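# Working through the structure, step by step
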Amino acid sequence: MATFIVLLGPPGAGKGTQAKILAEKTKLAHVSSGDLFRENFKKQTELGRLAQSYMDKGELVPDDVTIKMIKDRLTQPDCQAGAILDGFPRTPAQADALEIMLADFNGQVDLVPYITASEETLVERIGGRWTCRAQGHIYHQTFSPPKQAGVCDLDGSELYQREDDKAETVRNRIRVYFEQTMPLVEYYRKAGKLIEIDGMQNVEKITERLLDALNKK
Ligand code: AP5
Ligand code: MG
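Read on for an overview of the structure. Each residue is numbered by its place in its chain's sequence as written, counting from 1. Here every chain gets a letter starting at A, and every ligand a number starting at 1, in the order they are written. With the structure being a predicted model, the display of local features is reserved for residues of pLDDT at least 70 and the display and counting of side-chain atom pairs for 80 or more, all residues being used for whole-chain, interface and lining totals. Hydrogens are left out, water is left out, and the side-chain values use all remaining heavy atoms of the structure.

### What about the side chain of glutamine 94?
Applicable threshold: Helix numbers and strand numbers start at the N terminus; a helix is a DSSP run of H or I with at least 4 residues, a strand a run of E with at least 2. Each residue is assigned to one of three classes by its accessible area relative to the maximum for its type, calculated with a 1.4 Å probe on protein chains only: buried under 20%, partly exposed between the two thresholds, exposed over 50%. Under this definition, polar contacts are N or O atom pairs within 3.5 Å; protein pairs additionally need one hydrogen-donor-capable and one acceptor-capable atom, and for neighbouring residues in sequence, both atoms have to be side-chain atoms. Here, residues are in contact when the closest pair of their heavy atoms is within 4.5 Å.
Tracing the chain through its elements places glutamine 94 in helix α5 (residues 92-104). On the basis of relative accessibility, which here comes to 2%, the residue glutamine 94 falls in the buried class. For glutamine 94, the side chain forms a polar contact with the side chain of aspartate 63, separated by 2.9 Å. With residues near it in sequence (within four places) discarded, glutamine 94 still touches Asp63, Thr66, Ile67, Phe88 and Pro89.

### Comments concerning the sheet that holds strand β3 (residues 82-86)
Short version of the rule: Being paired, for any two strands, means DSSP has found at least two bridges between them. Between the N-to-C directions of two axes lies an angle of 0 to 180 degrees, each axis being a line fitted to C-alpha atoms and, for a helix, fitted only over the stretch in contact.
Read from one edge of the open sheet, 5 strands run β2-β3-β1-β4-β8, paired in parallel fashion. Both outer strands of the open sheet, β2 (29-32) and β8 (194-198), are each paired with one neighbouring strand and no more. Adjacent strand axes in the sheet meet at a mean angle of 20° when their direction is disregarded. Relative to β8, strand β4 (residues 109-116) runs parallel, the two sharing 5 bridges. Bridge pairing links isoleucine 115 to isoleucine 197 in β8. This element, α5, spans β1 (3-7), β3 and β4 of the sheet and lies at about 145° to β4.

### Points about the pattern of salt bridges
For clarity, the cut-off: Salt bridge criterion: a side-chain nitrogen from Lys or Arg within 4 Å of a carboxyl oxygen from Asp or Glu.
Evaluated as defined, the whole model comprises 14 salt bridges. The salt bridge involving arginine 175 is made with glutamate 179; its shortest N-O contact spans 2.9 Å. Within this pair, arginine 175 and its partner glutamate 179 are both found in helix α7 (residues 167-181), separated by 4 residues, close to a single helical turn. A cluster of three or more residues bridged by salt bridges with shared partners is formed by Arg129, Arg162, Asp164, Asp165 and Arg173.

What follows is the structure, encoded as structure tokens:
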């Protein structure tokens, strides 16, 4: 049976950072809704342009298009053994849709690590983040700087700061998270799938805790 892990947590908690490490270690696919929207925008698809109009304001992209995009992604061959979902679901309607689509793939949500951090830390992390243009590798100017400023260690591509990482947009993303995504914490807690992870620790400690929880499952 396939394994599906949902990484839950506010903007800047470290979902993308941990999802990339876990995907490497577990060989599960990394499925990031934010990355998929950004790739679509780069290719100037209709979906990408629509998504960008919401992302620029720090608002959520409508459920119907988001759900369809994830469903398409999960049908790709690299998701056959399962996936680490990063940034999806983000609303109760998305969580319900995920249950239904995973049942079609003979799977279910197995584990929901919920990574928490103080608002001050989130703002500090997002403010110093640099993202790789080619594949979305993640750096921080203080906490995990690249060897050469502005260049990705892994693929040599340019590093950039995300348009939605401006201070005012970040504040709105955090507000939207509390209003629309927080209900999922209770949803998954009630389902017995939630594990809380203190995101204030360093990257390695958090990975250790995540792998430990996964091994116990
Ligand atoms: P998305 O791209 O998912 O952004 P997000 O949820 O706001 O989260 P971030 O990517 O900002 O943070 P992260 O938790 O991944 O942290 P990271 O690992 O990068 O979504 C963007 C937009 O797309 C949304 O606003 C919305 O418009 C749209 N969207 C996406 N999904 C959607 C959905 N399902 N429905 C509707 N709309 C959707 O780390 C942050 C920084 O901290 C990095 O610099 C990193 O190096 C550093 N760092 C990480 N961990 C640590 C640590 N332990 N210690 C020190 N530094 C650390
Ligand atoms: Mg991310």
